[in-house]
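# Architecture and fold: a report
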Amino acid sequence: MDIRRIDLNLLVVLRVLLDTGSVTRTAERLHMSQPAVSRALAKLRLQLGDKLLVRVAGGMAPTLRAQALSAPLAALLHQLEECVAPAVFDPATTRRVFSVATTDYGAVAVLPA
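Quick summary incoming for the structure in this document. (Residues numbered from 1 in each chain as written. Predicted model: local features only at pLDDT ≥ 70, side-chain atom pairs only at ≥ 80, totals over all residues. Heavy atoms only, no water.)

## What about the packing of helix 1 (residues 8–20) against helix 3 (residues 34–48)?
Put simply, the rule reads: Axes here refer to lines fitted to C-alpha atoms; in helices the fit is confined to the stretch in contact. Angles between the N-to-C directions go from 0 to 180 degrees. Going along the chain from the N terminus, every DSSP run of H or I of four or more residues is numbered as a helix, and every run of E of two or more is numbered as a strand. By definition in this entry, angles of less than 35 degrees are roughly parallel, angles greater than 145 are roughly antiparallel, angles of 65 to 115 are roughly perpendicular, and the rest are oblique. Whether two residues are in contact is decided by their heavy atoms, any of which lying within 4.5 Å being enough.
Contact pair helix 1 / helix 3: the axes reach a minimum separation of 9 Å and the direction vectors enclose 105°. Of the possible angle classes, the one that applies to helix 1 and helix 3 is roughly perpendicular. Contact residues: helix 1 offers Leu10, Leu11, Val13, Leu14 and Leu17, while helix 3 offers Val37, Ala40, Leu41, Lys43, Leu44, Gln47 and Leu48.

## Let's talk about a nonpolar patch on the surface
To be explicit about the condition: Every patch collects residues that have over 30% relative accessible area and no salt bridge, joining them within 9 Å if they carry like charges and within 5 Å if they are nonpolar side chains (Val, Leu, Ile, Met, Phe, Trp, Tyr). Surface accessibility follows the Shrake-Rupley procedure with a 1.4 Å probe radius. Residue values consider only the protein chains on display as shielding. A pair is scored as a salt bridge if a Lys or Arg side-chain nitrogen falls within 4 Å of a carboxyl oxygen belonging to Asp or Glu.
There is a patch of nonpolar side chains on the surface, built from Leu8, Leu80 and Val84 and spanning about 270 Å² of accessible area. As for its placement among the helices and strands, valine 84 is situated in helix 4 (residues 64–84).

## A short note on the side chain of arginine 15
Quick reminder of the rule: We call a residue buried when its accessible area falls under 20% of the maximum for its residue type, exposed when it is over 50%, and partly exposed in between, using a 1.4 Å probe and counting protein chains only. In the analysis that follows, any N or O atom pair within 3.5 Å is treated as a polar contact, provided that within protein one partner can donate a hydrogen and the other can accept it, and provided that, for residues neighboring in sequence, both atoms belong to side chains.
Relative to the helices and strands, arginine 15 is located in helix 1. Judged by relative accessible area, which is 17%, arginine 15 ranks as buried. A polar atom in the side chain of arginine 15 sits 2.6 Å from the side chain of aspartate 19. Leave out the neighbours within four places in its chain, and arginine 15 touches Ser70, Leu73, Ala74 and Leu77.

Here it is in structure tokens:
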């Protein structure tokens, strides 16, 4: 399978579908329409060659393939979120070392005694 053909948005939809077991709840959680979620599931089924989720009483149940994908998919999406998240700088807890260059007047005016 060519990874370049996979739409990452479809993987997000699959992750939520596996969590909720419902197209309706997935659509609500992702602020999508039900038909859009159904289309995303249809695309995933074609790309992955598996039904992924099958209708059962009270919702949808994952296939064996979907169950096998669940944990690695959750880890992958978590890593991706961390990768693109903005860096957070907390000066109170940082272990970085900073060097400040200043004149004598700057030191007296700005730095504590």
